[in-house]
Amino acid sequence: MNANWIFYFFTGAVCLSSLYYDQSLNPVLLVLAASAYALSLLKKQPGLPLRGVQLFLLVVFHYMSASWWILVLYYLHMSFLAYRLHRLWAALVVNGALMAAFSAVTLIHTPIHRDTSLLILFAAVSCLALSFLFRSYIHDIEKQKQRLSNEKKHLSTHDALTGLYNFQEFHRQLEGLAGAGNPFILVLIDCKDLKSLNTTNGFQGVNRILKQAAQLLRIMFPDACLISRYGGDEFALVVQAEDLEENHQRMTQLLASEFPRLAAIEVNFGMACYPQEGQHKDDLILVAEHNLYLMKRDSWLKREEHMLRSEKLRVVGELASGMAHEIRNPLTTVKGFLQLSKAGDYNVEPWYDLIMDEINRMSMLTAEFLQFSRPHVTQYKVQSITGCIHRIIQLLESESTRLGHEIHFEHPGQDLRMLMDQDKMLQLLLNLVKNAYEAMPEQGIVDIRLGARDGMAVIEIADNGKGIPETELDKIFIPFYTTKDSGTGLGLSICHKIVQDHEGVIEVESVLGLGTKFTITLPLTEAEEQPGEPLITTSRPTISV
């Protein structure tokens with residue numbers, strides 16, 4: 001807003017007061033001087049010559065008005081001069097001269113005596129002091145305004161946490177660097193597993209890590225022309241270099257070894273060289289992000305390999321521990337009898353059967369363990385799964401009759417065939433059916449159902465035995481886990497391995513007091529599902545003895 005209206009207002013007030021109190025020597029000249037002074041104020045930002053004319057006309061106006069009221073106009077001019085003139089001594093000289101002119105004109109119209117001189121001196125000094133206080137106040141306001149403007153600009157272009165450039169400013173400056181034509185290297189850096197640290201260190205701990213990483217980038221790359229926080233856990237870096245290959249190797253070594261060691265976090269990074277790999281910032285970012293993705297993928301594959309290796313070592317440890325435990329028990333028994341026989345010169349014949357049972361148990365355990373750890377079957381043949389189930393029923397016919405159990409077999413009219421090792425498949429089915437027999441303390445029924453669904457053979461083996469507690473269902477396939485007094489705990493583990501070798505899936509459902517059902521899904525080869533055909537049910541009743 002233009003402040004000249006203040007000057008116009010006081011010019012009119014001074015002119016009217018002088019006319020009213022009849023202080024002017026010549027009213028016509030007074031009006032002319034006031035008009036000339038007012039016209040000189042029309043320009044909003046006058047130069048030094050015009051400002052000198054304004055001050056001269058002000059002194060003339062003062063002389064023609066002979067009014068003390070004009071002191072306000074002197075003060076306004078002095079305040080603006082103190083503000084506009086950047087050099088303090090220049091403002092002091094000009095304002096001092098103006099006050100000297102005010103004092104001289106006032107003394108012309110006022111009789112000279114001590115009180116008048118003191119009054120004029122007080123007015124002059126007061127105007128000088130107030131004008132420079134105004135200068136100081138305005139300069140303080142402008143400094144604060146400039147500081148707030150700088151803070152606003154900084155916050156709009158920098159990340160509040162790390163103090164680096166933000167995403168938008170990074171893209172703007174990168175576009176400028178690409179337009180300049182000087183070669184440089186763009187690096188996108190991604191901090192690994194930083195999100196998972198929120199659960200352990202909290203967001204304050206993660207923020208501290210990000211600040212340390214930003215500070216470390218500044219220290220490690222002092223020649224970087226652009227460092228930015230590209231995203232939540234990503235940073236971007238631009239380094240100008242004439243020898244791109246040498247600097248590429250140096251930066252790769254720093255980011256791959258030194259930075260993780262000092263920052264205590266692992267990073268993935270991707271680089272792009274300008275102008276070899278792109279002429280525009282978008283092309284460079286695309287190349288850098290692609291290289292970053294490749295490094296992330298390699299890192300993920302290495303982690304998966306490490307986890308798989310660790311899991312294998314854990315399983316091997318559990319197997320070795322279980323095997324040692326299972327073998328130690330019978331060895332302890334045999335050792336005890338032998339020590340007792342040697343100490344008392346006893347004949348071991350009374351304990352011969354017991355010793356042999358323990359030795360046979362170790363032999364059986366060793367055989368099952370070797371079978372469990374045997375490498376995968378490498379030769380398969382396309383054979384009938386239906387025929388395998390019929391073979392199992394024949395093999396168990398005598399045992400079914402002895403125990404008083406029945407086997408019911410439901411199968412489709414077609415012959416389902418699959419690529420398999422017949423011996424392994426027979427062992428799988430035999431183990432599951434025998435487990436069903438052992439789960440039924442009294443006469444029971446084992447239902448075997450065979451069907452096809454979506455190109456897969458589905459075998460269900462269900463019994464009406466005592467069932468398995470829900471808390472133990474997740475453990476039944478773990479090696480050496482068993483609830484039987486005489487079991488080794490490797491039977492279901494072997495079954496699970498056979499199914500995996502045949503690229504199938506085995507599932508178990510059980511209800512206490514009602515029974516257990518194992519469901520095996522295996523890929524078919526030649527046979528396909530025909531849901532319209534009825535199931536053929538065969539039953540082999542047996543008589544309890």
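What counts as what
Residue numbers restart at each chain and count upward from 1, following the sequence in its written direction. Per-residue local features of the predicted model are confined to residues with pLDDT of at least 70, and side-chain atom pairs are confined, for both listing and counting, to 80 or more; whole-chain, interface and lining totals are unaffected and use all residues. Just so you know, side-chain values use all the structure's heavy atoms and leave hydrogens and water out. For the purposes of this entry, the term helix denotes a DSSP run of H or I that reaches at least four residues, the term strand denotes a run of E that reaches at least two, and both are numbered from the N terminus. Working definition: with a 1.4 Å probe on protein chains only, accessible area under 20% of the residue-type maximum means buried, over 50% means exposed, and in between means partly exposed. Any two residues whose heavy atoms approach within 4.5 Å are treated as being in contact. Buried residues of nine kinds, namely Ala, Val, Leu, Ile, Met, Phe, Trp, Tyr and Cys, make up a nonpolar core once their side-chain atoms join them within 4.5 Å. A residue counts toward a patch only above 30% relative accessible area and without a salt bridge, and it is joined to like-charged neighbours within 9 Å or, for Val, Leu, Ile, Met, Phe, Trp and Tyr, to nonpolar neighbours within 5 Å. Method for areas: the Shrake-Rupley scheme with a 1.4 Å probe, in which residue coverage is limited to the protein chains shown. Counted as salt bridges are all cases of a side-chain nitrogen of Lys or Arg within 4 Å of a carboxyl oxygen of Asp or Glu. In this tally, Lys and Arg are treated as positive and Asp and Glu as negative; His is ignored, and so are the chain termini. For the purpose of locating charges, the reference atoms are NZ of Lys, CZ of Arg, CG of Asp and CD of Glu. Note on geometry: axes are lines fitted to C-alpha atoms, helical ones only across the stretch in contact, with angles between N-to-C directions running from 0 to 180 degrees. Every angle not falling under 35 degrees, over 145, or within 65 to 115 is termed oblique; those three ranges are roughly parallel, roughly antiparallel and roughly perpendicular. Should the near helix be turned counterclockwise from the far one by less than a right angle, the crossing is left-handed, whereas a clockwise turn marks it as right-handed. Under the convention adopted here, Pro, Cys and the residues Ala, Val, Leu, Ile, Met, Phe, Trp and Tyr are nonpolar, Asp, Glu, Lys and Arg are charged, and Gly plus all remaining residues are polar. In this analysis, the expected span of each helix is defined as 1.5 Å times one less than the number of residues it contains. This arc is built from the directions going out from the helix axis to the C-beta atoms. Each Phe, Tyr or Trp ring (for Trp, its six-membered ring) is paired with any other whose centre lies within 6.5 Å, and the angle between the two planes then decides the class: stacked below 30 degrees, edge-to-face above 60, tilted in between. Strand pairing requires that DSSP identify at least two bridges connecting the strands.

Q: Give me the overall build of the protein chain: which residues, what numbers.
A: Across its full length, the protein chain carries 15 helices and twelve strands. Across the 545 residues that make up the protein chain, the buried fraction comes to 41%. Counted over contacts in the protein chain with a minimum sequence separation of 6, partners at least 24 positions apart contribute 72%.

Q: With reference to specific residues and values, describe the nonpolar core.
A: Ile 385, Met 425 and Ile 459 are the most contacted members of the largest nonpolar core, which has 42 residues in total. Excluding residues within four positions of it along the chain, Ile 459 makes contact with Ile 385, Ile 389, Leu 429, Arg 449, Leu 450, Phe 518, Thr 519, Ile 520 and Leu 522. Core analysis: the next-biggest nonpolar cluster, separate from the first, contains 31 residues, Val 187, Ile 265, Met 271 and Cys 273 among them.

Q: So, a negative patch on the surface: which residues are in play, and what are the values?
A: The grouping of Glu 242, Asp 243, Glu 245 and Glu 246 at the surface amounts to a negative patch. Glu 245 gets classed as exposed once you look at its relative accessible area, which sits at 58%.

Q: Describe the packing of helix α12 (residues 385–395) against helix α14 (residues 422–439), and please don't skip the residues or the numbers.
A: Where α12 contacts α14, the axes come no closer than 10 Å and their chain directions differ by 50 degrees. As summarised for this structure, α12 and α14 are arranged oblique, according to the angle between their axes. Note that α12 runs across α14; the crossing there is right-handed. Note on element contacts: α14 touches α12 through Gln 422, Met 425, Leu 426, Leu 429, Leu 430 and Val 433, opposite Ile 385, Cys 388, Ile 389, Arg 391 and Ile 392. Among the residues making up the contact of α12 with α14, the classes are represented as nine nonpolar, one polar and one charged.

Q: Outline helix α2 (residues 27–40), supporting the account with residue identities and numerical values.
A: Note: α-helices contain 3.6 residues per turn, so residues at a spacing of three or four share the same orientation. In this model, α2 (14 residues) spans 20 Å end to end at C-alpha, consistent with the 20 Å of a helix rising 1.5 Å per residue. Three or more residues of α2 are buried, namely Leu 30, Ala 33, Ala 34, Tyr 37 and Ser 40. Buried residues of α2, viewed axially, fall in a sector of 125 degrees; they line one side. α2 presents Val 28, Leu 32 and Leu 39 as exposed residues on the side facing more than 90 degrees away from its buried surface.

Q: Give me the lowdown on the packing of aromatic side chains, citing residues and values where you can.
A: This structure, assessed with the given rule, holds nine aromatic pairs. A centroid spacing of 5.5 Å and a plane angle of 90 degrees characterise the contact between Phe 170 and Tyr 230, whose relative ring orientation is edge-to-face. Here Tyr 230 lies in the loop between β2 (226–229) and β3 (234–240) and Phe 170 lies in helix α7 (residues 167–180), a separation of 60 residues in the sequence. Considered together, Phe 170 and Tyr 230 belong to a single accessibility category, that of buried residues. Joined through ring pairs, the aromatic side chains of Trp 68, Tyr 74 and Phe 102 make up one cluster.

Q: Which residues make up the sheet that holds β3, and what values go with them?
A: With antiparallel pairing, the four strands of this open sheet are ordered in space as β2-β3-β1-β4. The sheet is open, and its two borders are formed by β2 and β4 (267–274), each paired with just one other strand. Strand-to-strand twist of the sheet, defined as the mean angle between neighbouring strand axes without regard to direction, takes the value 15 degrees. Alignment of strand β1 (residues 184–191) against β3, held across seven bridges, turns out to be antiparallel. Paired with Ile 185 across the bridge in β3 is Val 239. Set on the sheet, α7 makes contact with β1, β2, β3 and β4; between it and β2 the angle comes to about 155 degrees. Across the sheet, helix α9 (residues 244–263) is in contact with β1, β3 and β4; its angle to β4 comes to roughly 170 degrees.

Q: Describe α14, and please don't skip the residues or the numbers.
A: Its 18 residues give α14 an end-to-end C-alpha distance of 26 Å, which sits within 8% of 26 Å, the value for a rise of 1.5 Å per residue. With 13 of its 18 residues buried, α14 lies for the most part within the structure.

Q: If you had to explain the packing of α14 against helix α15 (residues 491–501) to someone new, which residues and values would you point to?
A: The contact between α14 and α15 brings their axes to 9 Å, and the two run at 140 degrees. When the axes of α14 and α15 are compared, the crossing they make is left-handed. Here Lys 424, Gln 427, Leu 428, Asn 431, Leu 432 and Asn 435 of α14 lie close against α15, whose contacting residues are Gly 491, Leu 492, Ile 494, Cys 495, Ile 498 and Val 499. Taken together, the residues that form the contact of α14 with α15 break down as seven nonpolar, four polar and one charged.

Q: Describe the pairing of strand β9 (residues 456–463), naming the residues involved and giving the relevant values.
A: When you tally the buried positions in β9, you get seven out of eight residues, the bulk of the element. In this sheet, β9 lies alongside strand β8 (residues 445–453) in antiparallel orientation, the contact comprising eight bridges. Paired with Val 446 across the bridge in β9 is Asp 463. Connecting β8 to the next strand, β9, in antiparallel fashion are two residues, including Asp 454 with a positive phi near 55 degrees. As judged from the seven bridges shared by β9 and strand β11 (residues 515–523), these two strands associate in the antiparallel manner.

Q: Which residues make up the pattern of salt bridges, and what values do they have?
A: Applying the stated criterion to the full structure yields twelve salt bridges. Residue Arg 250 is joined to Asp 223 by a salt bridge in which the shortest nitrogen-to-oxygen separation is 3.7 Å. One end of the pair, Arg 250, is in helix α9; the other, Asp 223, is in the loop between α8 (197–220) and β2, with 27 residues separating them in the sequence. Put simply, Arg 417 and Asp 415 hold a salt bridge, and the shortest N to O gap is 3.8 Å. Counted as one network, the salt bridges with shared partners bring together Glu 410, Asp 447, Arg 449 and Glu 460.

Q: Describe the environment of His 62, listing the residues and the values that go with them.
A: Structurally, the position occupied by His 62 is in helix α3 (residues 48–65). Its relative accessible area of 3% is what places His 62 among the buried residues. Along the primary structure His 62 and Cys 15 are separated by 47 residues, whereas in three dimensions their C-alpha atoms are 9.6 Å apart.

Q: Before we move on, can you summarise the pairing of strand β7 (residues 417–420) with the specific residues and values?
A: Burial of the side chains of β7 is restricted to one face: Met 418 and Met 420 are buried, whereas none of Arg 417 and Leu 419 on the reverse face is. Across four bridges, strand β5 (residues 381–384) lies against β7 in antiparallel orientation. From the neighbouring strand, Lys 381 faces β7, where its bridge partner is Met 420.

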